[in-house]
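# Tertiary structure, described
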Amino acid sequence: MTSTRLTILLLKDVMKPGDAISPDKNLTEVALVPASGLNGAFYFTPSHPRPPAWMSFVQPVLDTSMTGLSSASASGLLVIKGASRFFAITFGYAKSYLDPSKIERQFGLRVALNRIDPAQIRSMDTKTFEDMVVTRNTQTSKSSDLPSFGVDVSRDILRAVTGEPRDKTLAKRLSGSDALVVTLATKVNDLPAKCDEFLAAYKDTAYLADFEWIDHLSLVNDIGTIGTLNAVLVDQLRVNDSSNTHMAMPEPIDWEDIAAFRIAGTRTTEYDDLDLPSYLSALGANAAALTIELLKSRSVSVRYARGGDPDGIWNIFQCLVSEQRVNGQLYVLIEGRWFNVSQSLVDKVDLFVNALPASTAGLTDGTPAETEPVYNARMASANPDKFLLLDAKIRRPGGAASGIEFCDLLSANGEILHVKRKSRSSTLSHLFAQGSVSASTFLSDPSYRDELRKEIVSSVPIASQGAWLDLVPDGTSAVDKSRYVVSYVVLAKSTKPGMEWLPFFSKLNLMQHGKQLASLGFKVSVTRLNN
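All values derive from a computational prediction rather than experimental measurement.

Quick notes on the rules
Residues numbered from 1 in each chain as written. Predicted model: local features only at pLDDT ≥ 70, side-chain atom pairs only at ≥ 80, totals over all residues. Heavy atoms only, no water. Core = buried A, V, L, I, M, F, W, Y, C linked by side-chain atoms within 4.5 Å. Buried < 20%, exposed > 50% of the residue type's maximum accessible area, 1.4 Å probe, protein only. Helix = DSSP H or I, 4+ residues; strand = E, 2+ residues; numbered from the N terminus. Contact = heavy atoms within 4.5 Å. Expected span 1.5 Å × (residues − 1). Axes fitted to C-alpha atoms, helices over the stretch in contact; angles between N-to-C directions. Parallel < 35°, antiparallel > 145°, perpendicular 65-115°, else oblique. Left-handed = near helix turned anticlockwise from the far one by under 90°. Nonpolar A, V, L, I, M, F, W, Y, C, P; charged D, E, K, R; others polar. Lys, Arg positive; Asp, Glu negative; His and termini not counted. Salt bridge = Lys/Arg side-chain N within 4 Å of Asp/Glu carboxyl O. pLDDT = per-residue confidence, 0-100. Pairing = 2+ DSSP bridges.

## A closer look at the nonpolar core
- Core analysis: the biggest nonpolar cluster contains 49 residues, and Val341, Phe406, Leu410, Phe442, Tyr488, Phe504 and Leu510 have the highest contact counts within it.
- Residue contributions to this core peak at six residues, all from helix α13 (residues 504-520).
- When neighbours within four sequence positions are excluded, Leu410 is seen to be in contact with Lys386, Phe387, Leu388, Leu390, Glu415, Ile416, Trp468, Leu471 and Val472.

In structure tokens:
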């Protein structure tokens, strides 16, 4: 029997096949043969060949008019019912036919985690939520276990996994996210029974033995809590407050294949990226009328570089990433669902970050229009005995693929200062990583320290060189780590008390790098200054 690759989604709140279809889709419905024993329907849209999008670009330089070149993509959707639930089997780009609110999230992921052998994983998709979303796909050349994928169980959220099941009769390989992707040697008539088998796997709890960390974020099911969180979010968006919220694609898509985005509800034709401030600005006074229902009904479409009409893949609500504190609990909105961050993780992060001291180097506030380079130069120029400017002084140690900046400013009291101006679109992840990478290199690479000393000799007046060279031992000398503090300095506007100006996932990232620096023997500080 020929094997077929199937993409299966579990549906919810569906009483008949048509309930699963997005209201804005005009599809052709085909009834199923009664003798098949299947309860469901098939949907498609006629595809019409058209010249490829690149044709109009190259035609002006061709000495012959190209005719007869055309392309078309065909998609189909099979909706069938198992013993108790409806399932959707998609072909091509037919997922866009479905109403997103009818898709049971994490169905494929739960099936895969409950059935794969934890020592036979082939790929993992993770998301790291900071003040931006970092999506990673990690693959191995052969099946391996979890440590091989470098997953940080304290801050990475597993979105998809591929691996080999313990029971090889179930499938040769399972790939799961919202959808379950399997290759099966089966007949279409046998799909309901197979889907019921996957439904049983979805409900299992075997994943807890090896993947219990995925529950650091627990799904909020209480209607009252969801309503409160939605109200807080909408109230902020109505007044153009995006300080706790941004937009991101809910799932990985090849950027090479994306020409533009379209967001319903504004006159702006297309967006180069999903940017919440730009969307709210385009709404203008209409932002005051936003509701959760509007956010869920307005589509976010992708126009692919290959041409054709935009595909409405998500709604706006699914593309929002938000962090809200309600009644002392931390919640995050991810892919259209609210999650409660485990209090034990919140307490652990807050305990670490709140214990970090502030810089004692004597830096002053920035000015509203001041960029990081201008700020750093001003500090060094005004206080040449207190600060040495090393901003953009990149040194590439042996074997490094890219330059490593030691710091922005080196203080006379031994603070290795990394400065970042925090805007609504910037992230602090690079800042924290820079601190740990440069400190590690400074400690382990003698040639790196020698290069830094050459920079001091070439840029500092002879009379002042001695004090700064004393802070940077040469390659033959030991580094006295007790002399140094890796100091993170953020220029940001905020009226929030203590460390609350930092988003939770940024604090989590800071804790990870702070612990790494502590293990190397360095002290760490963090300071917010106004700009």
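What follows continues from the structure just given.
## Some thoughts on α13
- Helix length check: α13 (17 residues) gives 25 Å between terminal C-alpha atoms against 24 Å at 1.5 Å per residue, within 8%.
- All buried positions along α13 are accounted for by Phe504, Phe505, Ser506, Lys507, Leu508, Asn509, Leu510, Met511, His513, Gly514 and Leu517.
- One or two steps after α13, the chain reaches Gly521, where phi turns positive at roughly 105 degrees.

## Points about the packing of helix α8 (residues 343-354) against α13
- Viewed as axis vectors pointing N to C, α8 and α13 meet at an angle of 60 degrees, and their least axial separation amounts to 9 Å. The angle between α8 and α13 falls in the class oblique. The crossing of α8 and α13 is left-handed. Two secondary-structure elements touch here, α8 through Leu345, Val346, Lys348, Val349, Asp350, Phe352 and Val353 and α13 through Phe504, Lys507, Leu508, Leu510, Met511, Gly514 and Lys515.
- Here the contact of α8 with α13 is composed, by residue class, of nine nonpolar, one polar and four charged.

## Quick look at unusual backbone geometry
- Unlike most non-glycine residues, Gln106 shows phi in positive territory, near 65 degrees.
- With respect to the secondary-structure elements, Gln106 resides in the loop between β5 (86-91) and α2 (107-115).
- For Asn327, which is not glycine, the phi dihedral falls at a positive 55 degrees.
- Looking at where Asn327 falls in the secondary structure, it is placed in the loop between β16 (320-326) and β17 (329-334).

## Description of the side chain of Ser525
- Looking at where Ser525 falls in the secondary structure, it is placed in strand β25 (residues 523-529).
- In this structure Ser525 touches Pro357, Ala358, Ser359, Glu415, Val485, Val486, Ser487 and Tyr488, once residues within four positions along its chain are discounted.

## Observations regarding the side chain of Asp99
- Locating Asp99 in the fold gives a position in the loop between β5 and α2.
- One buried charged side chain, Asp99, makes no salt bridge at all; its nearest oppositely charged neighbour is Lys102, positioned 5.1 Å away.
- In contact with Asp99, other than residues within four places in its own chain, are Ala20, Ile21, Ser22 and Pro23.

## Topic: the confidence of the model for the protein
- Of all residues in the protein, 89% have pLDDT values of 70 or greater, and the mean over the chain is 86.
- By mean pLDDT, strand β7 (residues 133-144) is the weakest element of the protein at 64, and strand β22 (residues 409-411) is the strongest at 97.

## Notes on the sheet that holds β22
- A sheet is described by the order of its strands in space; here five strands give the open sequence β19-β22-β23-β24-β25, paired in mixed fashion. In the strand order of this sheet, the two ends are held by β19 (387-389) and β25, each with one partner. Going from strand to strand, the sheet's axes swing by 25 degrees on average, the running direction of each strand aside.
- Pairing of strand β24 (residues 485-491) with β25 involves seven bridges; the strand directions are parallel. Within β25, the residue paired with Val489 across the bridge is Thr527.

## Remarks on the sheet that holds strand β12 (residues 245-247)
- Read across the open sheet, the five strands follow the order β11-β18-β17-β16-β12; overall the sheet is antiparallel. Lying at the two open borders of the sheet, with one neighbouring strand each, are β11 (217-219) and β12. Going from strand to strand, the sheet's axes swing by 25 degrees on average, the running direction of each strand aside.
- Note: β11 against strand β18 (residues 337-341), three bridges, orientation antiparallel. Across the sheet, Leu217 pairs through a bridge with Val341, a residue of β18.

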